[in-house]
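A look at the structure
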Amino acid sequence: MQIIVTGGAGFIGSHIVNRLVEKGHDVTIIDCFNYASDIRRIDNIDKVTVLKYDLVGKDWLIPLSSRTEKFDLVINAAAETHVDHSFVRPIDFINTNIIGLHNLASYCHETKTPLLHLSTDEIIGTGDPIHEDSFNKPCNPYSFTKSAGEKLLHAYGKCYNLDWKIVRLNNTYGLKQFPDKLIPLFIDKINNNDKLTLHGDGSVLRCFMHVDDFVDAVELIIEKGNNKEIYNVATNEEHSVAEVTKMICNAMNVSFEDNVISIKDRPFNDPKYDTQNNKILGLGWKPSHNLKDELPNMIEWYSGINNFFKK
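Residue positions are given per chain, counting from 1 as you read along its sequence in written order. Reporting in this predicted model follows two pLDDT cut-offs: at least 70 for local features of residues, and 80 or more for side-chain atom pairs to be given and counted; totals over whole chains, interfaces and linings ignore these cut-offs and use all residues. To get the side-chain values, take all heavy atoms of the structure and skip hydrogens and water.

**Some points on the sheet that holds strand β10 (residues 205-210)**
- By the convention used here, strands pair only if DSSP detects at least 2 bridges between them. Only DSSP runs of H or I with at least four residues qualify as helices, and only runs of E with at least two residues qualify as strands; both kinds are numbered from the N terminus onward. Read from one edge of the open sheet, 3 strands run β8-β10-β12, paired in mixed fashion. Looking at strand neighbours, the two that pair on one side only are β8 (171-173) and β12 (238-240), the edges of this open sheet. Averaged over all pairs of adjacent strands, the angle between strand axes in this sheet comes to 45 degrees, irrespective of strand direction.
- Pairing of β10 with β12, which is carried by 3 bridges, proceeds in the antiparallel orientation. Paired with Cys-207 across the two strands is Glu-238, which belongs to β12.
- Note on contacts: a residue pair is in contact if any heavy atoms of the two residues lie within 4.5 Å. The angle between two axes is taken between their N-to-C directions and runs from 0 to 180 degrees, where each axis is a line fitted to C-alpha atoms and a helix contributes only its stretch in contact. On top of the sheet, helix α8 (residues 241-251) reaches β10 and β12; it is set at about 85 degrees to β12, its chief contact.

Here you go:
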C-alpha cells in the first residue's frame, strides 16, 4: 500500500511508520518537525519519503500533486497533544488539530483517499463511561480541539462522503517518547536529581497502553474496521498518577516521599477516562504489555548514554 503518515516523526506516528515499513508498505511522512519530532525515530529512513511541512498551510500539497500513483490511505498522527501547553497557547492546538485536519480531510476528499485519524479518550472530559457514540464534554483546549476534529470528520463524511475512521487512544507509553510526558519526564528528572512534580495530590486516574499494542490496533482497524466508525482503543490498566510515580521511584530505587512535591493543579483536571473498548476487542485486539513489566526497559533506555534526548 501507498500510505501517508502525518506526524510520522513524532512518538506514536514513528512507531506506526516503522511497523508499516516492516510490513512492506511504501510510506510518505509529512511532519512540521516541531520540538517533539525527531526523524531518528525512523528505523529505515532510506525506505521512507519525508516531507517537512505544516498541515496548517497548503504547501505540502505541491510535492503530492506531482505524483502519478494514488495513495491508498492517509493516517493522521499529527497533533498538538500536551494538555498543559494547551492552556497557555490554545491557538496552536486550534490551528493544528482543527484547521490542519480540515486541510488534510479536504485533500482526502478531493483524491478519494481514506483517512484514519488519531483522537483521544480525553474528549469525554467528565470521567463518565465513554462509548464510541457517547456525548463528549471536553474540559481543556486540547481535548476540545480533538473533539472538534472528530465532529469535523463526521460532518465531512455526511456532506462530502469522506471515507474516515477514528481511533481514540489512552495515555500511551514506550521507547522514544519525548520526555515531557509523565513516564519519560519523571525518569529524566530522577536521573538529573530533580524533584517530581504532581498536580494536586496525584489522585486522577489514567489508563496506560504500550505503543506497540496501539500499533497492533491500528493495523487491525485498517484491515477490519468499518468506514465512518470510531474505535476506542483502551486497556483496563488504570493507575493514579501518584501510583505510576511510585512505580517509577521503586524501579529506580529512590524514595517517593523524598523526591515528590505537589504543585498547583490544572485549571481543570479530568478525574478519569472510563473508556469502553468492546468494539476493538470484538475485532480480536488484546493488549500484551503492562506498565510494571515495561518500566525497567524504559528506564534503561532513557538512562543510557545513547538516549538521543539527552541534553
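Okay, back to it.
**A closer look at unusual backbone geometry**
- Located in the positive-phi region is Lys-112, a residue other than glycine, with phi close to 55 degrees.
- Tracing the backbone through its elements, the reader meets Lys-112 in the loop between α4 (90-111) and β5 (115-120).
- The buried label goes to any residue with under 20% of its type's maximum accessible area, the exposed label to any with over 50%, and the partly exposed label to all in between, with areas taken from a 1.4 Å probe on protein chains only. Assessed through its relative accessible area of 66%, Lys-112 is described here as exposed.
- The phi dihedral of Asn-253 is positive, around 60 degrees, even though this residue is not glycine.
- Its location among the elements puts Asn-253 in the loop between α8 and α9 (256-259).
- A relative accessible area of 70% means that Asn-253 is categorised as exposed.

**So, the sheet that holds strand β1 (residues 2-6)**
- An order of β3-β2-β1-β4-β5-β7-β11 is seen for the 7 strands of this open sheet, with the pairing classed as parallel. Looking at strand neighbours, the two that pair on one side only are β3 (48-52) and β11 (229-233), the edges of this open sheet. On average, each strand axis in the sheet is tilted by 20 degrees relative to the strand beside it, whichever way the strands run.
- Pairing of β1 with strand β2 (residues 26-31), which is carried by 5 bridges, proceeds in the parallel orientation.

**A word on the pattern of salt bridges**
- Think of a salt bridge as a Lys or Arg side-chain nitrogen and an Asp or Glu carboxyl oxygen that are within 4 Å of each other. Throughout the structure, instances matching the rule amount to 9 salt bridges.
- Between Glu-219 and Arg-19 there is a salt bridge, with the nearest N and O atoms lying 2.6 Å from each other. Here Arg-19 lies in helix α1 (residues 11-22) and Glu-219 lies in helix α7 (residues 211-224), a separation of 200 residues in the sequence.
- Measuring nitrogen to oxygen at the nearest pair gives 3.5 Å for the salt bridge that ties Asp-43 to Lys-176.

**Considering the packing of aromatic side chains**
- Paired rings are identified among Phe, Tyr and Trp, the last through its six-membered ring, by centres lying within 6.5 Å, and are further divided according to the angle between planes into stacked (under 30 degrees), edge-to-face (over 60) and tilted (the rest). Enumeration according to the criterion identifies 5 aromatic pairs in this entry.
- Summarising the aromatic geometry, the rings of Tyr-35 and Phe-178 are spaced 5.2 Å apart at their centres and angled 85 degrees between planes, so their arrangement reads as edge-to-face. Of this pair, Tyr-35 sits in the loop between β2 and β3 while Phe-178 sits in the loop between β8 and α6 (182-191), and the two are 143 residues apart along the sequence.
- When the ring of Phe-93 is compared with that of Tyr-142, the centres are 6.3 Å apart and the planes differ by 75 degrees; the resulting orientation is edge-to-face. One end of the pair, Phe-93, is in helix α4; the other, Tyr-142, is in helix α5 (residues 141-160), and 49 residues separate them in sequence. The same class applies to Phe-93 and to Tyr-142, which are both buried.
- In this analysis the charged atom, NZ for Lys or CZ for Arg, is taken to sit over a ring once it is within 6 Å of the ring centre and within 35 degrees of the ring normal. In this arrangement the basic side chain of Arg-67 is found over the ring face of Phe-71, its NZ or CZ atom lying 3.8 Å from the centre.
- Over the ring of Tyr-231 we find Lys-279; its NZ or CZ atom is 5.0 Å from the centre of that ring.

**Some thoughts on the environment of Gln-177**
- Its location among the elements puts Gln-177 in the loop between β8 and α6.
- Accessibility expressed as a relative area gives 7% for Gln-177, which makes it buried.
- The sequence separation of Gln-177 and Gly-10 amounts to 167 residues, and the corresponding C-alpha distance is 8.1 Å.
- Discounting chain neighbours no more than four positions away, the residues touching Gln-177 are Phe-11, Arg-41, Thr-172, Pro-184, Tyr-302 and Phe-309.
- Counting of polar contacts relies on pairs of N or O atoms within 3.5 Å, with two restrictions inside protein: one atom must be capable of donating a hydrogen and the other of accepting it, and residues adjacent in sequence are counted only when both atoms are side-chain atoms. Polar side-chain contacts of Gln-177 include one of 3.0 Å to the backbone oxygen of Thr-172.

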